[in-house]
Amino acid sequence: QNTIDFTGESAIVSAGDIYITPETFATTIGISGGTGTLNLSDEEIGFFNPIGGNLFIGEQTFARGAVDIADWDFAGLPLDNVYVYGKSITASDLSPGSNNLILSARDGDIYITQDVFDFGGAGSSINASGNITIAPETANQQLSFGDATEGLSLSDFELAMLNAGGKVIFGDADNGV
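Just so you know, these numbers come straight off a predicted model, no measurement behind them.

About the criteria used
- Residues numbered from 1 in each chain as written.
- Predicted model: local features only at pLDDT ≥ 70, side-chain atom pairs only at ≥ 80, totals over all residues.
- Heavy atoms only, no water.
- Helix = DSSP H or I, 4+ residues; strand = E, 2+ residues; numbered from the N terminus.
- Buried < 20%, exposed > 50% of the residue type's maximum accessible area, 1.4 Å probe, protein only.
- Pairing = 2+ DSSP bridges.
- Axes fitted to C-alpha atoms, helices over the stretch in contact; angles between N-to-C directions.
- Contact = heavy atoms within 4.5 Å.
- Core = buried A, V, L, I, M, F, W, Y, C linked by side-chain atoms within 4.5 Å.

1. Considering the environment of Ile12
Inference 1: Inspection of the secondary structure assignment puts Ile12 in strand 1 (residues 12–14).
Inference 2: With relative accessibility at 33%, the residue Ile12 sits in the partly exposed group.
Inference 3: Taking the C-alpha atoms as reference points, Ile12 and Gly33, 21 residues apart in sequence, are found 21 Å from one another.

See the structure below:
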């Protein structure tokens with residue numbers, strides 16, 4: 001089933017991991033404001049509470065559907081570790097707070113647009129078999145690395161969480177950013 005319909009005071013609580021997987025491997029996934037056949041709103045994700053466990057979104061081994069994430073703020077949710085799997089991942093405005101966010105594109109690229117890069121806890125990582133692109137949303141915004149804090153800045157810690165099979169690209173020359 002590619003539909004989740006919660007009403008009222010619904011909750012899914014587990015002492016272990018919770019898995020949200022699409023009906024077929026190629027099904028697209030939309031998270032928060034993203035577009036996908038399996039579409040999970042902030043409210044729906046808030047119903048999941050893996051006490052002492054992890055939340056997995058997407059199919060870990062055979063993920064063939066694209067994932068689109070938009071405006072996802074889960075800083076206040078009890079989600080210590082969130083794993084998102086897809087063929088490719090496009091994301092904007094991610095706010096994991098101190099929660100760990102692990103993005104994994106199994107057979108493609110990850111493209112992230114943010115004006116502020118604050119990427120969660122020490123266990124966070126961004127993993128792509130292809131390229132990882134990180135671009136500011138605001139045109140002509142400065143990029144800075146390490147200790148610098150001007151514009152879209154990535155600390156040494158945040159740079160270390162980027163694992164690409166291809167290139168790591170900062171900025172977006174095609175869109176003037």
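2. A word on the sheet that holds strand 16 (residues 162–164)
Inference 1: Spatial ordering of the open sheet is given by 2-6-8-10-12-16, a layout of six strands whose pairing is parallel. Of all strands in the sheet, those with a lone pairing partner are strand 2 (18–20) and strand 16, marking the two edges. On average, each strand axis in the sheet is inclined to that of its neighbour by 10 degrees, with strand direction left out of account.
Inference 2: Relative to strand 6 (residues 55–57), strand 2 runs parallel, the two sharing three bridges. Counterpart to Ile18 in the pairing with strand 6 is Leu55.

3. Quick notes on the pairing of strand 13 (residues 132–135)
Inference 1: Burial along strand 13 is two-sided: Ile132 and Ile134 facing one way and Thr133 and Ala135 facing the other are all buried.
Inference 2: Where strand 11 (residues 110–113) and strand 13 come together, four bridges link them in parallel fashion. Looking at the pairing, Ile110 lines up with Ile132 of strand 13.
Inference 3: Here three bridges tie strand 13 to strand 17 (residues 168–170), and the two strands are oriented parallel to one another. Within strand 17, the residue paired with Ile134 across the bridge is Phe170.

4. Looking at unusual backbone geometry
Inference 1: The residue Ser32 is not glycine, and still its phi comes out positive at about 65 degrees.
Inference 2: Tracing the sequence through the fold places Ser32 in strand 3 (residues 29–32).
Inference 3: Owing to a relative accessible area of 12%, Ser32 belongs among the buried residues under this scheme.
Inference 4: Even without a glycine there, the phi angle at Asp71 is positive, about 55 degrees.
Inference 5: Locating Asp71 in the fold gives a position in strand 7 (residues 67–73).

5. Some details on the sheet that holds strand 17
Inference 1: Spatial strand order, 4-3-7-9-11-13-17: seven strands in an open sheet with parallel pairing. Pairing within the sheet leaves two strands with one partner each, and these edge strands are strand 4 (38–40) and strand 17. Taken pair by pair, the neighbouring strands of this sheet meet at an average axis angle of 10 degrees, ignoring direction.
Inference 2: Pairing of strand 3 with strand 4 involves three bridges; the strand directions are parallel. When the bridges of strand 4 are listed, Ile29 appears paired with Leu38.

6. A closer look at the side chain of Ser14
Inference 1: Structurally, Ser14 is set in strand 1.
Inference 2: Contact partners of Ser14, with chain neighbours within four places excluded, come to Asn49, Pro50 and Ile51.

7. Some details on the environment of Asp118
Inference 1: By the element assignment, Asp118 lies in the loop between strand 11 and strand 12 (125–128).
Inference 2: Along the sequence, Asp118 and Phe62 sit 56 residues apart, while their C-alpha atoms lie 29 Å from each other.
Inference 3: Not counting residues up to four positions away in its chain, the partners in contact with Asp118 are Pro96 and Glu158.

8. Quick notes on the side chain of Asn54
Inference 1: Relative to the helices and strands, Asn54 is located in the loop between strand 5 (48–50) and strand 6.
Inference 2: With relative accessibility at 15%, the residue Asn54 sits in the buried group.
Inference 3: Non-local contacts of Asn54, meaning those with residues more than four positions away in its chain, are made with Gly16, Asp17, Ile18, Asn81 and Tyr83.

9. Overview of the nonpolar core
Inference 1: Among the nonpolar cores identified, the biggest contains 35 residues, and Ile69, Trp72, Val84 and Leu103 are the most heavily contacted of them.
Inference 2: When residues no more than four places from it in sequence are discounted, the contact partners of Trp72 are Ile31, Ser32, Asp42, Ile45, Ile57, Val82, Val84, Ser92, Asp93, Leu94, Ser95 and Leu101.

So yeah, pure geometry; function would need other evidence.
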